[in-house]
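What the coordinates show
Spelled out from the first residue to the last, the chains are:
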Amino acid sequence: MSEFNIKKLLQSVVSHGASDLHLISRSEPQIRLSGSLKPVNLPILTGDDIEDMCYSLITEKEKQYFEEHNELDFAMLLPGIGRFRANYYRTIGDMAAAFRTIPIVVPSLDDLGAPDIYKRLIKREKGLILVTGPTGSGKSTTLAALLNEINLTESKHVITVEDPVEFIHSNKKCVFSHRGVGEDTKSFSAALKFAMRQDPDIILVGEMRDKETIEAGLTAAETGHLVFGTLHTSSAPGTINRIIDVFSGDEQPQIRAMISGSLVAVVAQALLPKLGGGRVAISEILVTNHAISNLIREDKVHQIYSQMQLGQGNTGMQTQAQELLRNVQEGTISKENAIQYANNKDEVVKALNR
């Protein structure tokens with residue numbers, strides 16, 4: 001297969017409205033539509049076919065990196081087709097690849113039908129806002145829409161640190177410094193350390209995956225910056241525990257104090273199949289208030305869930321279970337999927353039976 005084919009394949013991914021393309025030897029190309037994989041009507045690929053296609057998209061330096069490490073992450077723009085995040089890897093010795101489409105037009109919060117609370121959260125001058133969820137749950141899209149809203153309404157300097165850079169924002173009212181780990185900076189933690197000298201108002205950390213990055217993110221949030229970050233956690237209280245657990249026992253009281261003082265909100269998101277096609281975002285939203293700050297500081301994170309169920313009209317908080325039930329009642333998702341994706345299955349099953 002030639003370069004023409006890979007571009008043609010990626011073109012068909014975009015025109016089908018698919019989110020991903022998978023090239024794996026001993027299988028025909030597969031695309032992900034509304035969350036499910038579907039084979040493309042093409043011959044079964046060999047490792048050599050995939051190598052020919054994939055090497056045509058990268059530089060000699062990237063090719064060398066892949067041959068040394070057997071992994072390569074990058075983002076690319078194909079003029080007239082679209083922007084993609086790509087990962088090359090090996091499976092049983094053969095090259096394989098996964099491509100994710102990145103919309104060139106950054107969506108607005110209204111496009112996503114996002115909850116009203118999001119527009120209030122981004123008015124904060126400082127603090128930490130986390131958008132979490134498993135891979136493919138729309139975290140990057142939600143973050144891009146949050147930054148887009150700021151870009152339309154405020155004059156700020158926004159630094160994004162990602163691996164690789166996904167959405168590219170055009171400067172409307174804000175000015176954006178997009179930094180890719182590996183090409184523009186050595187690591188997330190290094191970029192955060194130097195970001196302090198780059199006069200940022202807002203910092204986006206693509207992944208808070210290690211202790212240094214989490215600590216630097218919390219410090220930036222404490223020192224007067226609005227910091228957005230992502231983690232692969234499925235519930236809001238679980239996100240707080242994950243951050244605390246990265247640190248050793250004797251460091252945890254200080255980290256709990258930092259989180260209780262700087263955490264603004266956690267949005268834990270999942271994308272569920274929508275009845276009639278497409279997908280719908282189900283979000284659990286925790287917004288820090290005085291009661292929640294105290295629970296974090298006093299090591300009572302397990303009590304946060306019941307706090308999230310109180311006074312929701314005023315706080316803008318919602319639990320995943322409530323969102324699942326609301327979507328079942330509105331006929332957006334099936335009961336089966338509500339139960340399958342629920343963090344708290346018993347609660348959802350009981351409520352559905354009522």
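Report on the accompanying structure. Just so it is clear, the structure is predicted and the values come from calculations on it, not from any experiment.

Broken down by element type, the chain carries 16 helices and 13 strands. Expected size for 354 residues packed as a compact globule is a radius of gyration near 20 Å; at 21 Å, the chain falls within 12% of this value. For the chain, the spread of C-alpha atoms along the principal axes amounts to about 60 × 55 × 40 Å. Counting all 354 residues of the chain, 49% fall into the buried class. If you take every contact in the chain between residues at least 6 apart in sequence, the share linking residues at least 24 apart comes to 56%. Carbon together with sulfur atoms contributes 48% to the accessible area of the chain, which is approximately 16,600 Å² in total. A gap of 5 Å separates the mean positions of the 37 positive and 43 negative side-chain charges of the chain.

The next subject is the sheet that holds strand β12 (residues 263–273). If you trace the seven strands from one edge of the open sheet to the other, you get β9-β8-β10-β11-β7-β12-β13, paired in mixed fashion. Since the sheet does not close on itself, it has two edges, and those belong to β9 (175–180) and β13 (279–287), each with one partner. Strand-to-strand twist in this sheet, taken as the mean axis angle between neighbours without regard to direction, amounts to 15 degrees. Inspection of the sheet shows strand β8 (residues 157–162) paired to β9 by six bridges, in the parallel sense. For Ile159, the partnering residue across the bridge sits in β9 and is Ser177.

The packing of two helices is summarised by the inter-axis angle and the distance between the axes. Relative orientation of the contacting elements helix α7 (residues 188–195) and helix α8 (residues 211–222) amounts to 25 degrees, with a least axis distance of 8 Å. Taken together, α7 and α8 sit at an angle that is classed as roughly parallel. In terms of crossing hand, the pair formed by α7 and α8 is left-handed. Contacts between α7 and α8 pair Phe188, Ser189 and Leu192 from the former with Glu212, Thr213, Ala216 and Gly217 from the latter. Looking at the contact of α7 with α8, its residues break down into three nonpolar, three polar and one charged.

The next thing to look at is the packing of aromatic side chains. Within the structure shown, the criterion is met by four aromatic pairs. Geometrically, the ring pair formed by Phe74 and Tyr88 is edge-to-face, given 5.2 Å between the ring centres and 85 degrees between the ring planes. In this pair, Phe74 is assigned in strand β4 (residues 71–78) and Tyr88 in strand β5 (residues 82–91), connecting sequence segments 14 residues apart. Tyr88 shares its class with Phe74; the two are buried. Cluster of aromatic residues (ring-pair linked, three or more members): Tyr55, Phe66, Phe74, Tyr88 and Phe99.

We now examine the nonpolar core. Ranked by size, the top nonpolar core spans 62 residues in total, and within it Tyr118, Phe228, Leu286 and Ile304 carry the most contacts. Judged by nonpolar contacts, the second largest core, of 28 residues, contains Leu23, Val40, Tyr55 and Phe84.

To continue, consider helix α14 (residues 320–329). Among the 10 residues of α14, seven are classified as buried, and the element is accordingly described as predominantly covered. Every buried residue of α14 is accounted for by Gln320, Ala321, Glu323, Leu324, Leu325, Asn327 and Val328. In the core, the buried residues of α14 are packed alongside β12, β13, α12 (304–308), α15 (335–341) and α16 (345–353). Backbone geometry just after α14 places Gly331 at a positive phi near 75 degrees.

Mapped onto the fold, His157 is located in strand β8. Only 3.1 Å separates the side chain of His157 from the backbone oxygen of Gln198, close enough to count as a polar contact. Apart from residues lying up to four places away in sequence, His157 is in contact with Val175, Ser177, Gln198, Asp199, Pro200, Asp201 and Ile202.

Moving on to the sheet that holds strand β2 (residues 30–33). Pairing in this open sheet of six strands is antiparallel, and the strands run β3-β2-β1-β6-β5-β4 from one edge to the other. Either end of the sheet is taken by a strand with one partner, and the two such strands are β3 (36–39) and β4. The sheet shows a mean angle of 25 degrees between the axes of neighbouring strands, direction not considered. Bridging between β5 and strand β6 (residues 94–102) involves nine bridges; their strand directions are antiparallel. Among the inter-strand pairings, Tyr88 is bridged to a residue of β6, identified as Ala97. Where helix α2 (residues 47–55) meets the sheet, its contacts fall on β1 (20–23), β5 and β6, and the angle it forms with β6 comes to roughly 45 degrees.

As a further point, take the pattern of salt bridges. Counted according to the given criterion, the structure contains 14 salt bridges. For the salt bridge of Asp94 with Arg26, the shortest nitrogen-to-oxygen distance reads 3.2 Å. Linking Asp94 in strand β6 with Arg26 in the loop between β1 and β2, this pair joins segments that are 68 residues apart in sequence. According to the relative accessible area criterion, Asp94 is partly exposed, its value standing at 24%. When its relative accessible area of 49% is taken as the criterion, Arg26 is described as partly exposed. When the shortest N-O distance is used, the salt bridge between Arg256 and Asp299 registers 3.8 Å. Of this pair, Arg256 sits in helix α10 (residues 252–262) while Asp299 sits in the loop between α11 (290–297) and α12, and the two are 43 residues apart along the sequence. In this structure Arg256 comes out as buried when scored by relative accessible area, which is 10%. Residues joined by salt bridges that share partners form a network here, namely Lys123, Glu125, Glu154 and Lys156.

On to the environment of Tyr341. Looking at where Tyr341 falls in the secondary structure, it is placed in helix α15. Residues Tyr341 and Gln329 lie 12 residues apart in sequence; the distance between their C-alpha atoms is 16 Å. Aside from chain neighbours lying at most four places away, what touches Tyr341 is Leu271, Leu272, Pro273 and Gln320.

What counts, and at which threshold
- Residues numbered from 1 in each chain as written.
- Predicted model: local features only at pLDDT ≥ 70, side-chain atom pairs only at ≥ 80, totals over all residues.
- Heavy atoms only, no water.
- Helix = DSSP H or I, 4+ residues; strand = E, 2+ residues; numbered from the N terminus.
- Rg over C-alpha atoms; globule rule 2.2 N^0.38 Å.
- Buried < 20%, exposed > 50% of the residue type's maximum accessible area, 1.4 Å probe, protein only.
- Contact = heavy atoms within 4.5 Å.
- Areas by Shrake-Rupley, 256 points an atom, 1.4 Å probe, with all protein chains shown as cover.
- Lys, Arg positive; Asp, Glu negative; His and termini not counted.
- Charge placed at Lys NZ, Arg CZ, Asp CG, Glu CD.
- Pairing = 2+ DSSP bridges.
- Axes fitted to C-alpha atoms, helices over the stretch in contact; angles between N-to-C directions.
- Parallel < 35°, antiparallel > 145°, perpendicular 65-115°, else oblique.
- Left-handed = near helix turned anticlockwise from the far one by under 90°.
- Nonpolar A, V, L, I, M, F, W, Y, C, P; charged D, E, K, R; others polar.
- Phe/Tyr/Trp six-rings, centres within 6.5 Å; stacked < 30°, edge-to-face > 60°.
- Core = buried A, V, L, I, M, F, W, Y, C linked by side-chain atoms within 4.5 Å.
- Polar contact = N/O pair within 3.5 Å; in protein donor to acceptor, adjacent residues only side chain to side chain.
- Salt bridge = Lys/Arg side-chain N within 4 Å of Asp/Glu carboxyl O.

Scope: geometric values only; no functional claims are made or implied.
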